[in-house]
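Fold and contact review
The lines below spell out each chain.
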Amino acid sequence: MTNTMTTLRRSLVLSVASAVAVTCALTWTSRAAFAQEAPAIAAAATAEEKARVGKLIDDAKKEGELVYWDTVIQPETHDALAAAFRKAYGLAAAFKVTYNLQGTAALATRVEQELAAGKVTMDIASVASLPWMYERVQKGDVAQYASPAYAKYTKAFENGLGVDGYFAFNGAYIFVPMWNAQKLDFKGKSWKDVIGAVPEGRISVGDAGKSLTYLATYHGHAQVLDDAFFKALAGMKPSFLMRSEQIAQRLVTGEDLMAFSAMPTRAYQNNQKGAQLKFLLPEEGVVLLPQSMIILAKAPHPAAARLWIDFVLSEQGQDIIVKGEAMMSGRDGYKSPLPDYAPGIDTLKLVKVDWKGVSTEMLKDIRGAWAKIFAP
Amino acid sequence: MAHDKAKSAGVRIAQMTSPASAALGRFAQRGLPLSGVVIGILLIIGPFCATIVRSMLAWDASGPHVSLSNFVGILTSPHFYQAAGNTLICSASAALLSTGLGFALAWIVSRTDVPGRGWFEILNLVPFFLSPYVGAISWLYLAAPHSGILPNLVKDAFGITLDFLPVYGLPGVIGVLTLFYTPYVYLFVVAPLRQMDAALEDAARVHGATFWFTLRHITIPLLMPALLSGALIVFVTSAGLFDIPLALASPKGIRTMPTEVYGLVQFPSDLGRAAAFGVIVMTATVALAILQRRYLSRRRFDTVSGKGYRPRIVALRAGGRSAAVLVELIYITLGVVLPVVAILMVSLSGLWTGRFNPAALTLKNFDYVLFNYSLTQQAIWNSLALALVGATIGVAISFLQAYYIHRGTSRWRGLIDGILSVPLGIPGIILGLGYLILAIRTPLYSTLTIILIAYIARFFPMATRTISSMLLAINPELEQSARANGASWLQTMRYILLPLLLPAIIAAWLLLFVIFIRELGATILLYAQGTETISVALVLLSERSAGYVAALAVIQLVMLLAAFVLFRMTRASLVQS
């Protein structure tokens, strides 16, 4: 009787153990199979890379979320990026990609405050302000990450538009003169042709007093344009605007006839809806503003952040950004699908700026010089 | 009759009273009102001290040290004087114009026989329930000199260009402030005007005084406390308002105090200077409030006497009646009808070009902000949560404070009342700055809770005043009667005082709800990822798309108007309180 009970007990234990083992094996196999099915893993060239991506995917799933702040990418483009990102890494729809669109100064302020508070909520900050980026790297606020995607950004690193192991730009933009062709027939070729092209008060200028990117652009412009030019521009009594969307909107409505510092991206987006915005690539050259992503050192979702960087810098990610935002890709050999709005960087005449040599303190001085001329 | 009711309630309640609950009642009677006062004082002192301390700290290589360099930096900067000067011009002009207009509107509905007074009385209050920021952007859509709906209409119809319209710049700021703050003065003035004994005015008339002489030498001086209180509220609120200058003055490079403080907090930020700026502004506004209290305390302003009287209704002549109706119609058109029509037009347009195209109507913008943009969805929930929870907590604290001040026995009640009124004089953005400095190294940083605390701290005095005004009208004998018949303090509160105060409590709750739904000044420095409110989302969207911002503005408008309808339905209108 006792033996029978013992045998029964053993059988029961064995059965339960087998069931657990089979369940575990099935779960593991299915997870592995599911992870292996992720296109990003399938596309990985080596077994090591497959393992690396697989591990990041597993960790990202545990993290469950990615938080990134951007200064340019519009929600529609973000939605497309997030959907493609989830698909590429086999992440469920429940995986949250939280995104926030802010001005450059507001984003930098938020990062500085979160670092000061010791409460970092964002994983990735995407900003077109190289001096600020370099300072963050120097101060150890940026996580080191050697994304395999960086291999395709050698030219960007060579030109000082990124730091290997920390960041490369995911899309660049420029600020150029823009007008509404329905309201103005402008044939200028130079920055200087803007002076007097429209009546006083009918032109807008990016507010370098509040925005980091307009400030950086002003610093670049000052390499090829003198004070007399800026004084003449100030004499046109411009409106000072913060956001490129707002600048384009005022051209569309006719409130302004000309914008001194407008983004071709916004021309593309408004023209899609029926506007007729045109812009000029001035012969003196343009200041390239590389929008770069950094992973914060204390990012709460580091694995998801790494996957995001890999994805956005991939050809697929660049396609979405260029088609949605008409930004210029820094990926080696990338052919722009929108050459009218986002020409290849090598086709542009660029104003050379030593971004590494510009510190926050210098930015304050540059802002002071700008304010002196424009006196807002 | 009321005494009998209190007595019978007391007898009924006394039968249920146990010694334990009596002890609890005794503790509650002293402790609860005091706790409301202590919470109020802490809510004020915290950010106040944080701002002062931060303003006196400077950093160098060796670390922080006490210094006045932030004040020196501010006071030697021409930007400070530009900003202060512009703010002074805007606030003083808005206070002056709102006071004039508010008085005129109140006089028309309370002392004249103008037709449609009942409707005007309701409509005059509607701008109070609208967001000033929405007002500012709707006036941009309406009157931007080269793209506004009105200039385009006039140009299309008559070929005349209206490019002189000064909507951008100080005149635009003053105009919008006046439109949206006139109800503040109106609310302060309309009740005293109704209750005013006409004997003095009649005596003046009998002695040959003209209408204008009587107005200037009798009516207005008697209304001075209400006019000054209204003007001060408009002055201080205008001085601290961030959103209207952001929309109308910043594009012209015009500095104002709130936009300057906001700029100082932005990267490369200088919190020390921002704090110094805040301390200077707080000192000025609090000094102004003290001056006003002193001025009023030295004079007598009896408008209600013990004699039986009836406010005299002035029978206007045909011309005067037409002029009064015209004033009302112009105000309601400029403050309500045109802004609402403008944001509806823009919200229903796919691409806003300055002209409304009925053939291209679309609901895309509403679809986007309601269903396809997580930020606006989150913002709507956050605003609702802040308004519901904040108004409830705020009213609870305010009730306890009002009870302490008007039913308590402490000899410090006058001083405490003064201290608890301080937030009325602190601009929202300065209070927000104080809470940012206070919370930045605590778990409260970047949470909804810190925004909630800032809202309550900034606006509880408004609820306290609303409840106080009714508490003063309730004879304490009713409570004493219940207590004499054995009811505990808690029971007296539950069965006697709270039911009597209910209209004022509901009015105060709705007042806070409306203010919290549209608040921006305190939020703009405190919001973070996921804690955006509707007003913050409006600012963020206004930089992106006219259609999206107009759609969200319509949604906010619906919420505020719903609160307004509720407000009227409770029969506890601000006028009555």
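Use the structure listed above.
Summarised in this report is the structure supplied together with it. (Residues numbered from 1 in each chain as written. Chains lettered and ligands numbered in written order. Predicted model: local features only at pLDDT ≥ 70, side-chain atom pairs only at ≥ 80, totals over all residues. Heavy atoms only, no water.)

Our next topic: the overall build of chain B. Summing up its helical and strand segments, chain B has 24 helices and two strands in all. For a compact globule of 577 residues, the expected C-alpha radius of gyration is about 25 Å, and chain B comes in at 25 Å, within 12% of that figure. Of all 577 residues assigned to chain B, the portion counted as buried reaches 56%. By sequence separation, contacts in chain B at least 24 residues apart represent 79% of the contacts at least 6 residues apart. Carbon and sulfur atoms make up 68% of the accessible area of chain B, which amounts to about 24,000 Å² in all. When the 39 basic and 21 acidic side-chain charges of chain B are each reduced to a single mean position, those positions are 7 Å apart. (Helix = DSSP H or I, 4+ residues; strand = E, 2+ residues; numbered from the N terminus. Rg over C-alpha atoms; globule rule 2.2 N^0.38 Å. Buried < 20%, exposed > 50% of the residue type's maximum accessible area, 1.4 Å probe, protein only. Contact = heavy atoms within 4.5 Å. Areas by Shrake-Rupley, 256 points an atom, 1.4 Å probe, with all protein chains shown as cover. Lys, Arg positive; Asp, Glu negative; His and termini not counted. Charge placed at Lys NZ, Arg CZ, Asp CG, Glu CD.)

Helix and strand content of chain A: 14 helices and 11 strands. For chain A, the residues scored as buried account for 60% of the 376 residues in total. Taking the contacts inside chain A whose residues are at least 6 apart along the sequence as the reference set, 78% of them involve residues at least 24 apart. Total accessible area on chain A is roughly 15,600 Å²; 56% of this is exposed by carbon and sulfur atoms.

Residues and elements named next belong to chain A. Strand order in the open sheet formed by six strands is 2-1-3-11-5-4, with mixed pairing between adjacent strands. Each having just a single partner strand, strand 2 (96-101) and strand 4 (162-163) make up the two edges of the open sheet. Relative to strand 3 (residues 124-127), strand 1 (residues 65-70) runs parallel, the two being bridged by three bridges. Bridging from a neighbouring strand, W69 pairs with A125 of strand 3. Most of the contacts of helix 6 (residues 130-138) go to strand 11 (residues 289-295), to which it runs at about 25°, and overall it touches strand 3, strand 4, strand 5 (167-173) and strand 11. The strands that helix 12 (residues 302-313) touches are strand 1, strand 2, strand 3, strand 5 and strand 11; relative to strand 11, the one it contacts most, it runs at about 155°. (Pairing = 2+ DSSP bridges. Axes fitted to C-alpha atoms, helices over the stretch in contact; angles between N-to-C directions.)

A separate point is the environment of B:M470. For B:M470, the position within the fold is in helix 20 (residues 448-473). Filtering out sequence-adjacent residues up to four positions away, B:M470 remains in contact with B:L500, B:L501, B:P503 and B:A504.

Residue and element names in this part refer to chain A. Strand order in the open sheet formed by five strands is 8-7-9-6-10, with mixed pairing between adjacent strands. Only two strands of the sheet have a single neighbouring strand rather than two, namely strand 8 (239-241) and strand 10 (277-279). Between one strand axis and the next, the sheet turns by 30° as a mean value, whatever way the strands run. In this structure, strand 6 (residues 176-180) lies alongside strand 9 (residues 258-262), joined through three bridges in antiparallel fashion. Looking across to strand 9, one finds that V176 is bridged to A262.

With that settled, consider a nonpolar patch on the surface. A cluster of nonpolar residues, B:M56, B:V66, B:L68 and B:V72, forms a patch on the protein surface that exposes about 370 Å² of accessible area. Positionally, B:L68 belongs in the loop between strand 2 (63-66) and helix 3 (69-75). (Patch = residues over 30% accessible without salt bridge, like charges linked within 9 Å, V, L, I, M, F, W, Y side chains within 5 Å. Salt bridge = Lys/Arg side-chain N within 4 Å of Asp/Glu carboxyl O.)

Here the focus is the pattern of salt bridges. This model, assessed by the stated rule, comprises 20 salt bridges over all chains. A salt bridge links A:K55 to A:D59; its shortest N-O distance comes to 2.8 Å. Taken together, the residues span about one helical turn, with A:K55 and A:D59 both in helix 3 (residues 47-63) at a distance of four residues. The partner of B:R111 in a salt bridge is B:E201, and the shortest N-O contact between them spans 2.5 Å. Here the residue B:R111 occupies a position in helix 4 (residues 78-111), and B:E201 occupies one in helix 9 (residues 199-206), the gap between them amounting to 90 residues. The residues B:R111 and B:E201 share a single accessibility class, namely buried. When salt bridges with common partners are traced through the structure, they connect A:R243, A:E245, A:R266 and A:E325 into a single cluster.

Turning our eyes to something else, we now look at the packing of helix 19 (residues 428-439) of chain B against helix 20 of chain B. All names here are of chain B. Relative orientation of the contacting elements helix 19 and helix 20 amounts to 135°, with a least axis distance of 10 Å. Taken together, helix 19 and helix 20 sit at an angle that is classed as oblique. Considering how the two elements wind past one another, helix 19 and helix 20 form a crossing that is right-handed. Note on element contacts: helix 20 touches helix 19 through I450, I453, A454, A457 and R458, opposite G428, L431, Y435 and A439. Across the contact of helix 19 with helix 20, the residue classes tally to seven nonpolar, one polar and one charged. (Parallel < 35°, antiparallel > 145°, perpendicular 65-115°, else oblique. Left-handed = near helix turned anticlockwise from the far one by under 90°. Nonpolar A, V, L, I, M, F, W, Y, C, P; charged D, E, K, R; others polar.)

All right, on to the packing of aromatic side chains then. Going through the model one piece at a time under the given rule, you end up with 39 aromatic pairs over all chains. Judged by centre distance (6.1 Å) and plane angle (55°), the rings of B:F459 and B:F516 are tilted. Remark: B:F516 occurs in helix 22 (residues 489-518) and B:F459 occurs in helix 20; sequence separation between them is 57 residues. Accessibility expressed as a relative area gives 8% for B:F459, which makes it buried. Connected via pairs of aromatic rings, a cluster forms that spans A:W191, A:Y218, A:F229, A:F230, A:F240, A:F260, A:W370 and A:F374. In this structure, A:R110 packs its charged tip against the face of B:Y527, placed 5.8 Å from the ring centre. The ring centre of B:F128 lies 5.5 Å from the NZ or CZ of B:R518, which sits over that ring. (Phe/Tyr/Trp six-rings, centres within 6.5 Å; stacked < 30°, edge-to-face > 60°. Lys NZ or Arg CZ within 6 Å of the ring centre and 35° of its normal.)

On to the environment of B:V327, then. Residue and element names in this part refer to chain B. Mapped onto the secondary structure, V327 falls in helix 15 (residues 318-347). Sequence spacing of V327 and L101 is 226 residues, and the spatial spacing of their C-alpha atoms is 8.9 Å. Excluding its chain neighbours within four sequence positions, the residues that come into contact with V327 are L101, L105 and I108.

Facing 50 residues of chain A, the contacting portion of chain B comprises 41 residues. Counting each side, the surface lost to burial between chain A and chain B is near 3,900 Å², with a carbon and sulfur contribution of 50%. Run the count over chain A and chain B and you get zero salt bridges. At the junction of chain A and chain B, the tally comes to 19 residue pairs in polar contact (both at pLDDT 80 or more). The set of elements that each furnish at least two residues to the side of chain A that touches chain B consists of strand 1, helix 4 (75-88), strand 2, helix 5 (104-117), strand 8, helix 10 (244-253) and helix 14 (360-374) of chain A. When residues in the side of chain A that touches chain B are grouped by element, the largest group, 10 residues, is from helix 5 of chain A. In terms of residue class, the side of chain A that touches chain B is built from 18 nonpolar, 16 polar and 16 charged. (Buried area = accessible area lost by both parts, 1.4 Å probe. Polar contact = N/O pair within 3.5 Å; in protein donor to acceptor, adjacent residues only side chain to side chain.)

Next up on the list: helix 13 (residues 315-325) of chain A. Residues and elements named next belong to chain A. Within helix 13 the residues assigned to the buried category are G317, Q318, I320, I321, V322 and E325. Among the structural elements, helix 4, strand 5, helix 11 (264-272) and helix 12 are those in contact with the buried residues of helix 13. Residue A326 follows helix 13 closely and has a positive phi angle near 50°.

The next point concerns the side chain of B:S91. As for its position among the elements, B:S91 is in helix 4. With residues near it in sequence (within four places) discarded, B:S91 still touches B:F235, B:S238 and B:A239.

Next up on the list: the pairing of strand 6 of chain A. All names here are of chain A. Summarising burial for strand 6: five of the five residues are buried, a large majority. Judged from the three bridges that link them, strand 6 and strand 10 form a sheet pairing that is antiparallel. The residue bridging W179 from the neighbouring strand is K278, located in strand 10.

To continue, consider unusual backbone geometry. For the bond from B:F267 to B:P268, the omega torsion is -10°, close enough to zero to count as cis. Position of B:P268 among the secondary structure elements: in the loop between helix 13 (257-265) and helix 14 (271-297). With a phi angle near 50°, A:K237 is a residue other than glycine that sits in the positive phi range. The phi dihedral of A:A326 falls on the positive side, at around 50°, and the residue is not glycine.

Turning next to the packing of helix 20 of chain B against helix 22 of chain B. All names here are of chain B. For the pair helix 20 and helix 22, the least separation of the axes is 9 Å and the interaxial angle reads 150°. Classed by the angle they form, the pair helix 20 and helix 22 counts as roughly antiparallel. Classified by chirality, the crossing of helix 22 by helix 20 is right-handed. When helix 20 is examined against helix 22, the residues Y455, I456, F459, M462, A463, T466, I467, M470 and L471 are found in contact with a partner set consisting of L497, L500, L501, P503, A504, I505, A507, A508, L511, L512, I515 and F516.

Geometric descriptors of this kind do not, in isolation, establish any biological role.
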